[in-house]
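# Topology and contacts: notes
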Amino acid sequence: MISDRIFGLVVLMVSLAFIASATQIQTSFLSDPVGPKAFPMLVGGIAGLCGLVMMIRPDPDPQWAKGRTLIALFVAIAVLVAYAYALKPFGFIIPTAIAAAVLSYQISPRAGPAALAGIGLSVGLFVLFKYALDLGLVAFPKSWFG
Amino acid sequence: MDILESLMLGFSVALTPFTLMLAIVGCFLGTIIGALPGLGPSNGVAILIPITFSMGLDATSALVLMTAVYYGAMYGGRISSILLNIPGDEPALMTTLDGYPMAKNGRAGDALVLSGVASFVGAFLATVGLIFLAPMLARVAYQFGPAEYFALYLLAFCTLGGMSSNNQAKSALAACIGLGIAMVGVDNSSGMPRFTGGSLHLMDGIDFLVAIVGLFAIAEVFFFIESHGKASSIGVKIEKVMIPWKDIWHTKWTMLRCSLVGFIAGVLPGAGASLGSFLAYMSEKSIAGEEGKFGTGVPKGVAAPEAGNNAAAGGALVPMLTLGVPGSGTTAVLLALLMTLNITPGPTLFSERPEVVWGLIASLLIANVVLLLMNVPMVKIFVRILQVPPWVLLPGVTMISFVGIYSLSGSYFDLLLMIGFGVLGYVLRKLDIPTVPVILGILLGGHMEDALRRAMVIADGDFMYLFNSPISIGLWIAAVVGFIAPMFLRGVLKKPQRITD
């Protein structure tokens, strides 16, 4: 109940903001009868309506993750974000091994197999992508050897 | 005669050694993807698109490879349904109802072979149907103007939403989220940026591949972390595999009927494979009646949903190729593939790029035969692949997704966006909001707005123009019915619950 109500409210707010920002779109001299504003405002309006319906007639609550599982999810997101930033400056192999190992640990918390999975995936995927599929990946940053 | 000639052209494209090899590789990969619990046709095809694109294959080859993966994944999905009681995607749910009990009764091998044959019959008949129906529909589609296209897109959202969720507001909301995301970037007709917040990264809009991989693949990883991979315990073992001729002969009419039902369900824009397997199973169940013992592991209950499911997968290609409107989650992903390859689906595709269309159709036929030959003797190999533990599989899927998206643009921004979509997909699925309409909205949003605006330019701003032709009035009525009818039919169309041990 409460999940749908909160989400409905969020949707309502976002769609109002969406409509508000649609009114700010600049129209150019090359205009057609509809223009660039009308369709986004229509979409925003329908979305807002759906948000209202969700608030008025909510479904039963789903079971949300609690405690350790919730922490595991946040760790996973943090690792993925860090991985996205690390991929360019640190090359493919090391960030991939770390990120894959951490994710593996979050699914099944055993350190040894997780570390092995990380290293195995990292090297295996690198060989596959680089040599079998010919994608331009960098194993280690060049500056480390320069 | 016309069709035969076109088919010959198709086979001349598809039977070159390289294309044939791609089809076989695709079938193999696809079966593995389908068989792995947690990877279904949609997310499997989704993570492979960026990689295929980066490999620089030409349009026909890429299309052959990916459709082979698509058909293969539909085949493979039955393996985890029958042996583990875990459907790889929604249409496979119906296969678990009789497949898993049959496997528990010690007939796992029979169930696998029978469902393989049923898949073959369904997919083969649907491809034949596609060959005849698609060119006809393409001729009709020539009469579609912008007003008709606008109504058609609306119909797709309405029926897809109506079928795929238990709550109309939620499915409509999902479509709006997708459409809203499609609006980000430079406006096509006026050249003005919209909803970019001044960010240069957003000027080009949000790449639909980023959204698809995020919503399908990354969200799946979060679900596995939540369940700690518990859902993937190994269920039933299989002994030796024999071909159950008696069961196959016994279920021939079931397969034929279900192929027809599935194909029709697949052709309806927005309905897709879930509806196909559902209707096929339910109609066979009511034909068989009480003595049929559906749900206890009878051969008919295994053959019916698989024939329906695969026939619907073929049928869904009809609206996708002729109108550019996908009928299911996976065809939405295939539409994304076409758009990535700069192929615009629609009636002109048949006249301007016949080698693509007919090459695709010929390779579907080839893939189908390859899959049958591959699946019956090699089923034990695929079963072994099921034993890859999730703590290796899911990190692997994540890394492949990252590499794919990263090799598209080389920007960390797209990766962050992809993670964002993963979180969004997780929250939406938790709240029982379907994610397929989101994808459809992102893919079709631009086209839908263009259609509306061009219609208004033609009509000089008169909104009644949208209801000006019999075709568009019919589409509007179908859209409204498709959205409202499921609310009343919910009691009748109640989905059977998954069986638990």
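Everything quoted here is computed from the prediction, not taken from an experiment. (Residues numbered from 1 in each chain as written. Chains lettered and ligands numbered in written order. Predicted model: local features only at pLDDT ≥ 70, side-chain atom pairs only at ≥ 80, totals over all residues. Heavy atoms only, no water.)

## Here's the deal with the interface of chain A and chain B
Every contact between the two is made by 60 residues of chain A and, on the other side, 61 residues of chain B. For the interface between chain A and chain B, the tally reads 2 salt bridges. For the salt bridge of Lys-170 of chain B with Asp-59 of chain A, the shortest nitrogen-to-oxygen distance reads 2.9 Å. Inspection of the chain A/chain B interface yields 6 residue pairs in polar contact (both at pLDDT 80 or more). Counting residues per element, the side of chain A that touches chain B draws most heavily on helix H3 (residues 67–90) of chain A, which supplies 12 residues. (Contact = heavy atoms within 4.5 Å. Salt bridge = Lys/Arg side-chain N within 4 Å of Asp/Glu carboxyl O. Polar contact = N/O pair within 3.5 Å; in protein donor to acceptor, adjacent residues only side chain to side chain. Helix = DSSP H or I, 4+ residues; strand = E, 2+ residues; numbered from the N terminus.)

## Quick word on the domain arrangement of chain A
You can read the domains of chain A as domain 1 (2–56) and domain 2 (67–142). Computed over C-alpha atoms, the centres of domain 1 of chain A and domain 2 of chain A are 38 Å apart. (Domains from an automatic or database assignment.)

## Some points on the environment of Ala-307 of chain B
All names here are of chain B. Following the sequence through the fold, Ala-307 ends up in helix H12 (residues 299–315). Residues Ala-307 and Phe-413, spaced 106 residues apart in sequence, show a C-alpha to C-alpha distance of 43 Å. Residue contacts for Ala-307: discarding those within four places in its chain leaves Ala-118, Gly-122, Met-255, Cys-258 and Ser-259.

## Re the packing of helix H4 (residues 59–84) of chain B against helix H14 (residues 329–340) of chain B
All names here are of chain B. Taken N-terminus to C-terminus, the directions of H4 and H14 make an angle of 170 degrees; their axes are 11 Å apart at the nearest point. Considered as vectors, H4 and H14 are oriented roughly antiparallel to each other. On H14, the residues touching Ala-62, Leu-63, Met-66, Thr-67 and Tyr-70 of H4 are Thr-330, Thr-331, Leu-334, Leu-337 and Leu-338. Its residues assigned to classes, the contact of H4 with H14 shows 7 nonpolar, 3 polar and no charged. (Axes fitted to C-alpha atoms, helices over the stretch in contact; angles between N-to-C directions. Parallel < 35°, antiparallel > 145°, perpendicular 65-115°, else oblique. Nonpolar A, V, L, I, M, F, W, Y, C, P; charged D, E, K, R; others polar.)

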